[in-house]
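One-letter residues, chain by chain:
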Amino acid sequence: MKAVPVTGVIVIWQLFSIHTTHSTKVWLPQVDFADSSNWVPARVPSPQQTIVFPSKLNALVSLPAGIMTVSSLVLPQQGGLLFPEHSFSLNVVSQDPSSLSVAVFKAPGRTPYYSGNNWATYDEQRLARQAPNAAVPHAERVPCQYETVVFETGKSMPKPIDMQYHESIEVGNVRFGDTFEGLDNFHNFLSSELGQLLFYNAEDTLIRQGKCASAEKCPCQEERQMDAICSNERCAVPHCLSPIQPSGHCCPICGSVLRVNIAQFPGVFNLQSFTDKLRRKIASSDVDVADVEYHIGIDRSMGANVVQLIVVDKGEYGERSVQMMNSLRPFFEKQFASGFHITHAGQPHTPLEGGQVFTFVLLSLIAVSAFFTVLYVYYYDNLLVPRLRAAVRNRQFFTTPFVFARFHPNSDTDGLSVDVNFPSDGQLPEEECEQSSATVAAVEDRHASSFNNPMYEKPTPKADPAAEAFDDVELCVK
């Protein structure tokens, strides 16, 4: 086994250290070499495998520290592989072709900068990050104009970020791992070769300092940023009777919201002090705090200056947020004697979706049509109902008087069947002799003319004038 150079375009990037302490929002999606979901098959490559990177990787991938042994390595044409700063060795060994196995790295997709699901609040002093809950407005889930943005690097690299051709992004500061910090440095990085592999559609995007550096004096986002944020959100159908849409939310939700003007607070308003006091009240409420999620913030959009408390149910809506807000009402009445405003979403309600509405309308039309059809037949059709009644009474569901009953030898219920079984002359009563003869003659005449077919009909012989003078007479012997 020996180490050999690998041909291809590999970008080697050294990382330096910068020590700062700020409360920030950190970018969550990462591309990790050691993540099995990034490989086909879904497992981390084992030693002496062939590692293949797609030709259009369009991302930066950090290679793991230590000794990396492969049978071969296929490099990307568009993308970058980052070597660790210390202790890395790449060994290429020959392998029997029959025992070769291949591991393919999947090209990561892009994800929008203005998407709240891609960010988390990060406390650098506690080294803890917290993803936003359902009560946090969408406007506050992405970096505000007074916050610091952090893209973490090291064992993993940020997943490619789509800037979506936005005109400008206003933040307080930007830090890219331990490599650089500052808005000017970040703007220069966007135009570099490495920056274009991480930040897409950012050619005309300006990175500017926010107009305000205080959360208690300025709104988190401007109105034009709200349009970009809401364009990346998919709103679910709220399962409540009267959905609410608090300020900063892109979608209607189920829950409760409290709004009170800061001018109603006695003395100087302190957001942190009010938040701590309200959290203690929520923790001692009759409703279990584990069943709800809440957010306390200040709404300064459109010139407002309002404290906003949003409470939503955790999981399926069951009015627990409404109960929580009602339990806090005595506290609000004592704190804000001059007034406050609470809005509830109402009772749980499951609205019909598109397919359910179509099915309901179709079944309603069928039911109405059937009702009016029965009504018409009953009152206006004088033939169908009697026929149906007779069929039910006689149990003739599969026969009709014109098809099957004519061949029934002993049926006298319909008036159309004929008994063709005649008794002998000796058995015929005297008084019925003449009637029987007439009936037989009528039947013979009718049968003779019922099935006349020109193709099979024989020519009728001419009558003999001499024979016409005599009539056949049938005698009945007593």
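The present account deals with the structure reproduced in this document. (Residues numbered from 1 in each chain as written. Predicted model: local features only at pLDDT ≥ 70, side-chain atom pairs only at ≥ 80, totals over all residues. Heavy atoms only, no water.)

**Comments concerning the overall build of the chain**
No. 1: Each helix and strand counted, the chain has 9 helices and 24 strands in total.
No. 2: Counting across all 478 residues of the chain, residues that qualify as buried make up 35%.
No. 3: Restricting the contact set of the chain to residue pairs at least 6 apart, pairs at least 24 apart contribute 67%. (Helix = DSSP H or I, 4+ residues; strand = E, 2+ residues; numbered from the N terminus. Buried < 20%, exposed > 50% of the residue type's maximum accessible area, 1.4 Å probe, protein only. Contact = heavy atoms within 4.5 Å.)

**Quick look at the state of the cysteines**
No. 1: Taken as a whole, this structure holds 5 disulfides when the rule is applied.
No. 2: Each sulfur of the disulfide joining Cys 212 and Cys 218 lies 1.6 Å from the other. Here Cys 212 and Cys 218 share a disulfide; its torsion about the S-S bond, 90°, makes the bridge right-handed.
No. 3: For Cys 218, a relative accessible area of 13% corresponds to the buried category.
No. 4: Each sulfur of the disulfide joining Cys 240 and Cys 254 lies 2.2 Å from the other. The sign of the S-S torsion, about -90°, decides the handedness of the disulfide formed by Cys 240 and Cys 254: left-handed. Taken together, the residues Cys 240 in the loop between α3 (223-230) and β21 (256-261) and Cys 254 in the loop between α3 and β21 connect sequence positions 14 residues apart. The two residues Cys 240 and Cys 254 agree in class, both being buried.
No. 5: Counting its disulfide-bonded cysteines in sequence order, the chain shows a connectivity of 1-4, 2-3, 5-8, 6-9, 7-10. (Disulfide = S-S within 2.5 Å.)

**Remarks on the packing of aromatic side chains**
No. 1: Tallying each qualifying case throughout the model produces 25 aromatic pairs.
No. 2: With 5.1 Å between their ring centres and 85° between their planes, Phe 33 and Trp 39 make a pair best called edge-to-face. Each of the two residues, Phe 33 as well as Trp 39, counts as buried.
No. 3: Centre to centre, the rings of Phe 336 and Phe 340 are 6.4 Å apart; their planes meet at 65°, and the pair counts as edge-to-face.
No. 4: The exposure class of Phe 336 is buried, given its relative accessible area of 1%.
No. 5: Directly above the ring of Tyr 200 sits Arg 110, whose terminal nitrogen or CZ lies 3.9 Å from the centroid. (Phe/Tyr/Trp six-rings, centres within 6.5 Å; stacked < 30°, edge-to-face > 60°. Lys NZ or Arg CZ within 6 Å of the ring centre and 35° of its normal.)

**Considering the sheet that holds strand β6 (residues 66-74)**
No. 1: With respect to topology, 5 strands assemble into an open sheet ordered β3-β9-β4-β6-β8, the strand pairing being mixed. With partners counted over all chains shown, the strands left at the sheet margins are β3 (39-40) and β8 (88-92), one partner each. (Pairing = 2+ DSSP bridges.)

**Some details on the sheet that holds strand β24 (residues 341-344)**
No. 1: Judged by pairing direction, the sheet is antiparallel, and its 4 strands sit side by side in the order β22-β23-β21-β24 without closing on themselves. Taken across any chain shown, the strands that pair with only one partner, and hence form the sheet edges, are β22 (292-299) and β24. Ignoring which end each strand starts from, the neighbouring axes of this sheet average 15° apart.
No. 2: Here 8 bridges tie β22 to strand β23 (residues 306-313), and the two strands are oriented antiparallel to one another. Counterpart to Glu 293 in the pairing with β23 is Val 312.
No. 3: Sheet contacts for helix α4 (residues 271-283): β22 and β23; angle to β22, the most-contacted strand, approximately 160°. (Axes fitted to C-alpha atoms, helices over the stretch in contact; angles between N-to-C directions.)

**Considerations on the pattern of salt bridges**
No. 1: In total, this model carries 9 salt bridges according to the counting rule given.
No. 2: Residue Glu 147 pairs with Lys 25 through a salt bridge whose shortest N-O separation is 2.7 Å. One end of the pair, Glu 147, is in the loop between β12 (128-130) and β13 (148-151); the other, Lys 25, is in strand β1 (residues 23-27), with 122 residues separating them in the sequence.
No. 3: Overall, Glu 147 belongs to the buried group, its relative accessible area being 18%.
No. 4: We note a salt bridge from Glu 170 to Arg 208, for which the minimum N-O separation is 3.2 Å. Remark: Arg 208 occurs in strand β20 (residues 206-209) and Glu 170 occurs in strand β16 (residues 168-171); sequence separation between them is 38 residues. (Salt bridge = Lys/Arg side-chain N within 4 Å of Asp/Glu carboxyl O.)

**So, the pairing of β13**
No. 1: With burial as the criterion, each face of β13 is covered, one bearing Thr 148 and Val 150 and the other bearing Val 149 and Phe 151.
No. 2: Where β1 meets β13, 3 bridges bridge the pair, whose relative direction is parallel. Each residue of the ladder has a partner; that of Val 26, found in β13, is Val 150.
No. 3: As paired elements, β13 and strand β17 (residues 173-176) share 4 bridges and run parallel to each other. Across the sheet, residue Thr 148 finds its bridge partner in β17, namely Asn 173.

**Quick word on a positive patch on the surface**
No. 1: Together, Lys 277, Arg 280, Lys 281 and Lys 334 line one region of the surface with positive charge.
No. 2: In this fold, Arg 280 is placed in helix α4. (Patch = residues over 30% accessible without salt bridge, like charges linked within 9 Å, V, L, I, M, F, W, Y side chains within 5 Å. Areas by Shrake-Rupley, 256 points an atom, 1.4 Å probe, with all protein chains shown as cover. Lys, Arg positive; Asp, Glu negative; His and termini not counted. Charge placed at Lys NZ, Arg CZ, Asp CG, Glu CD.)

**Let's talk about the nonpolar core**
Within soluble globular proteins, side chains that are nonpolar tend to cluster in buried spots.
No. 1: Among the nonpolar cores identified, the biggest contains 33 residues, and Tyr 113, Phe 151, Phe 176, Phe 186 and Phe 199 are the most heavily contacted of them.
No. 2: Broken down by secondary-structure element, the contributors of at least two residues to this core are β13, β16, β17, α1 (183-190), α2 (193-198) and α3.
No. 3: Among the elements that take part in this core, α1 stands out by supplying 4 residues, more than any other.
No. 4: In terms of nonpolar packing, the next biggest core, distinct from the first, is built from 23 residues, Leu 258, Ile 262, Ile 298 and Val 307 among them. (Core = buried A, V, L, I, M, F, W, Y, C linked by side-chain atoms within 4.5 Å.)

**A look at the side chain of His 249**
No. 1: Relative to the elements of secondary structure, His 249 occurs in the loop between α3 and β21.
No. 2: Residue classification places His 249 among the buried positions, given a relative accessible area of 5%.
No. 3: Separated by 3.1 Å, the side chain of His 249 and the backbone oxygen of Ala 135 make a polar contact.
No. 4: His 249 has contacts with Ala 134, Ala 135, Val 136, Pro 137, His 138, Arg 141 and Ile 310, leaving out every residue within four places of it along the chain. (Polar contact = N/O pair within 3.5 Å; in protein donor to acceptor, adjacent residues only side chain to side chain.)

**Some points on a nonpolar patch on the surface**
No. 1: Where nonpolar side chains cluster on the molecular surface, the patch consists of Val 368, Phe 371, Phe 372, Leu 375, Tyr 378 and Tyr 379 and spans about 680 Å² of accessible area.
No. 2: Classification of Val 368 as partly exposed rests on a relative accessible area of 44%.

Read these as layout, nothing more, since geometry by itself doesn't imply function.
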